[in-house]
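Understanding the architecture of this molecule
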Amino acid sequence: MPRTLSLRCRKVLSHAVLPDCPHGPGEDAGMDLYAAEDIRLQPGLWKAVRTGIAIQLPSGYEGQIRPRSGLASKHGVTLLNAPGTIDPGYRGEIRVLLVNLGPLPYQVSAGDRIAQLVVAQYASVRWLEVESLDASSRDAGGFGSTGR
């Protein structure tokens with residue numbers, strides 16, 4: 001079973017729904033995030049949708065905002081910046097940048113599941129400038145270097 005973190009979460013709006021795992025802790029990597037407002041999202045447009053919550057992540061952890069596969073496959077609604085990143089020092093309200101790539105307007109209602117939140121560890125980096133890098137079997141091959 002994965003490690004369990006206890007995270008502080010504050011409701012910015014009283015009717016906000018806290019993130020949850022529909023199948024329970026240890027079964028879902030992503031926690032559902034819920035809309036805290038009603039919006040109508042026209043085709044080709046995007047909007048930062050309020051969740052009504054703020055969280056406190058420990059140092060060394062980030063929050064990744066990811067799309068919901070059902071919204072994408074059924075309605076063409078996804079995230080404009082996927083994954084979005086919540087840094088551990090951010091204490092403001094989480095907003096989800098939804099975009100409607102589908103052909104029809106999409107109605108978001110308060111209480112709808114609109115994204116997933118994955119909490120992940122990350123490494124801090126200290127760059128060391130060098131004259132050369134160690135060789136590898138791939139070297140500089142990229143963007144189609146392995147064929148179709």
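Heads up: these notes are all about the structure in this document.

Attention now moves to the pattern of salt bridges. Summed over the entire model, instances satisfying the criterion amount to 4 salt bridges. For Asp 32, the salt bridge identified is with Arg 113, shortest N-O distance 3.4 Å. Placement of Asp 32 in strand E2 (residues 31-34) and of Arg 113 in strand E11 (residues 113-121) is noted, with a sequence separation of 81 residues between them. Residue Asp 32 is classed as buried on the basis of its relative accessible area, which comes to 4%. Salt bridges sharing common partners tie together Asp 32, Arg 68 and Arg 113.

Here the focus is the sheet that holds E11. Working definition: the strands of a sheet are paired by backbone hydrogen bonds and lie parallel or antiparallel to each other. If you walk across this open sheet you meet the 4 strands as E2-E11-E6-E8, and the pairing is antiparallel. Edge positions in the sheet fall to E2 and strand E8 (84-86), since each of these pairs with one other strand and no more. Shown here is a sheet whose adjacent strand axes are inclined to one another by a mean of 35°, direction ignored. One ladder, built from 4 bridges, connects E2 with E11; its direction is antiparallel. Pairing of Met 31 across the sheet is with Leu 117, part of E11.

Further remarks concern unusual backbone geometry. Here the amide bond leading from Ala 82 into Pro 83 is cis, since omega sits at -5°, within 30 degrees of zero. Checked against the element boundaries, Pro 83 lands in the loop between strand E7 (77-79) and E8.

Calculation criteria
- Residues numbered from 1 in each chain as written.
- Predicted model: local features only at pLDDT ≥ 70, side-chain atom pairs only at ≥ 80, totals over all residues.
- Heavy atoms only, no water.
- Salt bridge = Lys/Arg side-chain N within 4 Å of Asp/Glu carboxyl O.
- Helix = DSSP H or I, 4+ residues; strand = E, 2+ residues; numbered from the N terminus.
- Buried < 20%, exposed > 50% of the residue type's maximum accessible area, 1.4 Å probe, protein only.
- Pairing = 2+ DSSP bridges.
- Axes fitted to C-alpha atoms, helices over the stretch in contact; angles between N-to-C directions.

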